[in-house]
Amino acid sequence: MPYLISVIIPTYNCEKYIRECLDSIVNQTLGINNIEVIVVDDASTDNTYEIAKEYESQYPSFKVLRHDTNKGCGPGRNTGLEHVTTDYVTYMDGDDYISSNAYERALEIFEQDKEVDLVIYKWEEFDEKGLWNKKEISKELLREDKIITNIKDYPEIIFANYAYIKVYHKRLFKYLKFPPRTYQDVCPSARVMINAKKIYVAGDITVYYRQYHFSASKDVSCQNYLNLLIASKQVIDLRDKYPEFYDLLSFLALKIAYWPINHICNSPYFTLDSGECVYKKLKDYPQYFSPEIIDKYQYNFPNYLQASPEAMWDIEKLDYCEYLIKHRYQKDIKNLKQDIHLKNQEIINLKHELNLKDKEIRYLKKENLKKDKKSKEVLNSNSWKITKPLRKIKRMINKF
């Protein structure tokens, strides 16, 4: 029986979550018998491979492959694509899951409009505490159904660069070549969106992307940010091949290049050694962007540039120490001065409160002295002495 759609799942050491991922595919409304599931285990050292083999033994549509050595998520996706037998392919990560209507809805879209060659849907990040509601440039665009025939009309879509939020028609398979490193889906996704004849945004499909405190996106290390810059440069290189999309590709490359710039300028967790390593590579990047591109970026996507434009241009002019002093430590000093100012203001306010309390205490003492003086005057008065027998009688009556 021929399958209708293929799902490629590269996995590595995700035994804790892979059942949730695979169950979300098994429970698709399209029916698991219509879905070719290709699991590519990247030499896991836990029970991920064994769990996947359980599903293979239970469901004929499952195919489990394994790399002899760890190659990365990108090569895992490439291996899976070599074994696809259908006209439509999508990807999942082994620790994520997807809404139950996803593949039936995607195939319905392709069936209704034969010119659609890419379906894109929304994603939500989550962890053990629940959804993150993380703000992203392209997220709002993906919340409602729409057809896109020219991505220049929706420039924010270029940032929807995750492989797992798309279903691809076979016409686009040739663009799905993933490199062996983190952030490997950035360039292939850009190639796909540039070459898609018609894109359908399906607002009623959601993939749930699991986040970790140790995930690649939070890896504040030299190698992680060098990988980001490699991804940025690959997108930059696409501009020569697709000059009609020069601005869009520049926007994507710029946003990626600004991640390490932002961390050098702002992150206390980015060590000096890691920063210097990345800064040497960043020296190549100001030449790839013009002031006009940054202006256009900020006009189209206000509040989404992670650091100032000056932070890009100063890379050419300053050495690393000078750059840190200007863009990180001056800010730290300014914040410190602000903190000192606030502390001083607190001290002034406290002194003012103490002064008021002091006045209040002096006033009370003065009032007490007046009362004491008055009491003495009463006790020494003739009227007090004359009425003494009467007070004595009153006390005796009160006893009875």
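Predicted, not measured: the structure shown is a model, and the values here were computed from it.

A. A look at the overall build of the chain. Assigned secondary structure in the chain consists of 13 helices and ten strands. Expressed as a percentage of its 400 residues, the buried residues of the chain come to 49%. A total of about 21,700 Å² of accessible surface is found on the chain, and carbon and sulfur atoms cover 53% of it.

B. Expanded view of the environment of Tyr304. As for its position among the elements, Tyr304 is in the loop between helix H9 (291–300) and helix H10 (309–317). By relative accessible area, Tyr304 is classed as partly exposed at 22%. Remark: the alpha-carbon pair of Tyr304 and Lys255, spanning 49 residues in sequence, is separated by 8.3 Å. When neighbours within four sequence positions are excluded, Tyr304 is seen to be in contact with Lys135, Glu136, Ile137 and Tyr297.

C. Local environment of unusual backbone geometry. Residues other than glycine seldom take positive phi values, yet Asn13 does so here, at roughly 50 degrees. Positive phi is not limited to glycine here, since Asn303 has a value of about 70 degrees. Mapping Asn303 onto the fold places it in the loop between H9 and H10. For Asn303, a relative accessible area of 81% corresponds to the exposed category.

D. How the structure looks around the nonpolar core. Ranked by internal contacts, the top residues of the largest apolar core, which has 120 residues, are Tyr103, Ile261 and Phe289. A per-element tally of this core places helix H7 (residues 246–266) first, with twelve residues. Here Phe289 is in contact with Ile236, Arg239, Ser250, Ala253, Leu254, Ala257, Met312 and Trp313, once residues within four sequence places are set aside.

E. Representation of the environment of Trp132 in the model. Mapped onto the fold, Trp132 is located in the loop between strand S7 (130–131) and strand S8 (146–148). The exposure class assigned to Trp132 is partly exposed, which follows from its relative accessible area of 29%. Linking Trp132 and Gln211, residues 79 residues apart in sequence, is a C-alpha distance of 9.0 Å. Only 2.9 Å separates the side chain of Trp132 from the side chain of Asp127, close enough to count as a polar contact.

F. Here's a closer look at H7. Its 21 residues give H7 an end-to-end C-alpha distance of 29 Å, which sits within 8% of 30 Å, the value for a rise of 1.5 Å per residue. Where burial is concerned, most of H7 is hidden: 16 out of the 21 residues are buried.

G. Geometry of the pairing of strand S1 (residues 5–11). S1 sits mainly inside the fold: seven of its seven residues count as buried. Neither face of S1 is left uncovered, since the one carrying Ile5, Val7, Ile9 and Thr11 and the one carrying Ser6, Ile8 and Pro10 both have all their residues buried. As judged from the seven bridges shared by S1 and strand S2 (residues 35–41), these two strands associate in the parallel manner. Note that in S2 the partner of Ile5 across the bridge is Ile35. With helix H1 (residues 18–26) bridging S1 and its parallel neighbour S2, the resulting β-α-β unit is right-handed. Where S1 meets strand S4 (residues 88–91), three bridges bridge the pair, whose relative direction is parallel. When the sheet's bridge partners are listed, Ile8 is paired in S4 with Tyr91.

H. Fine view of the pairing of S2. Most of S2 sits out of view: seven of its seven residues are buried. Of the two faces of S2, the one holding Ile35, Val37, Val39 and Asp41 and the one holding Glu36, Ile38 and Val40 are both buried throughout. In this sheet, strand S3 (residues 62–66) lies alongside S2 in parallel orientation, the contact comprising five bridges. Within S3, the residue paired with Val37 across the bridge is Phe62. Crossover S2 to S3 through helix H2 (residues 48–58) is right-handed.

I. View of the packing of aromatic side chains. One pass over the full model with this rule turns up 21 aromatic pairs. Measuring from centroid to centroid gives 5.8 Å for Tyr91 and Tyr168, while their planes differ by 70 degrees, and the two rings are edge-to-face. Taken together, the positions of Tyr91 in strand S4 and Tyr168 in strand S9 (residues 166–169) put the pair 77 residues apart, joining distant regions of the chain. Ring geometry for Tyr297 versus Phe301: centroids 5.3 Å apart, planes at 70 degrees, classification edge-to-face. With a relative accessible area of 4%, Phe301 lands in the buried category. By way of ring pairs, the aromatic residues Trp123, Tyr162, Tyr164 and Tyr209 are connected into one cluster. The ring of Phe178 carries the charged tip of Arg77 above its face, separated from the ring centre by 5.3 Å. Between the NZ or CZ atom of Lys152 and the centre of the ring of Phe245, over which it lies, the distance is 5.4 Å.

Parameters at a glance
- Counting of residues starts from 1 at the beginning of each chain's written sequence and follows it residue by residue.
- Residues qualify for local features only when their pLDDT is at least 70, as the model is predicted, and side-chain atom pairs are given and counted only at 80 or more; totals for whole chains, interfaces and linings, by contrast, use all residues.
- In computing side-chain values, all of the structure's heavy atoms are included and hydrogens and water are not.
- Here a strand is any run of E in DSSP of at least two residues, a helix any run of H or I of at least four, and the numbering for each starts at the N terminus.
- Any residue under 20% of the maximum accessible area for its type is buried, any over 50% is exposed, and the rest in between are partly exposed; the area is computed with a 1.4 Å probe on protein chains only.
- Where accessible areas are quoted, they stem from the Shrake-Rupley method and a 1.4 Å probe; at the residue level, only the protein chains shown are allowed to cover.
- Here, residues are in contact when the closest pair of their heavy atoms is within 4.5 Å.
- What we call a nonpolar core is a set of buried Ala, Val, Leu, Ile, Met, Phe, Trp, Tyr and Cys residues that are connected through their side-chain atoms within 4.5 Å.
- Two N or O atoms count as a polar contact when they lie within 3.5 Å, although within protein this holds only if one can serve as hydrogen donor and the other as acceptor, and sequence-adjacent residues are included solely when both atoms are side-chain atoms.
- Multiplying 1.5 Å by the helix residue count minus one yields the expected span of that helix.
- Strands are labelled as partners when DSSP assigns at least two bridges between them.
- With the strands aimed away from the viewer, a crossover counts as right-handed if its path from the first strand over the helix to the second runs clockwise.
- Pairing of aromatic side chains requires ring centres within 6.5 Å, counting the rings of Phe and Tyr and the six-membered ring of Trp. Pairs whose planes differ by under 30 degrees are stacked, by over 60 edge-to-face, and all others tilted.
- Over a ring means this: the NZ of a Lys or the CZ of an Arg is within 6 Å of the ring centre and within 35 degrees of the ring normal.

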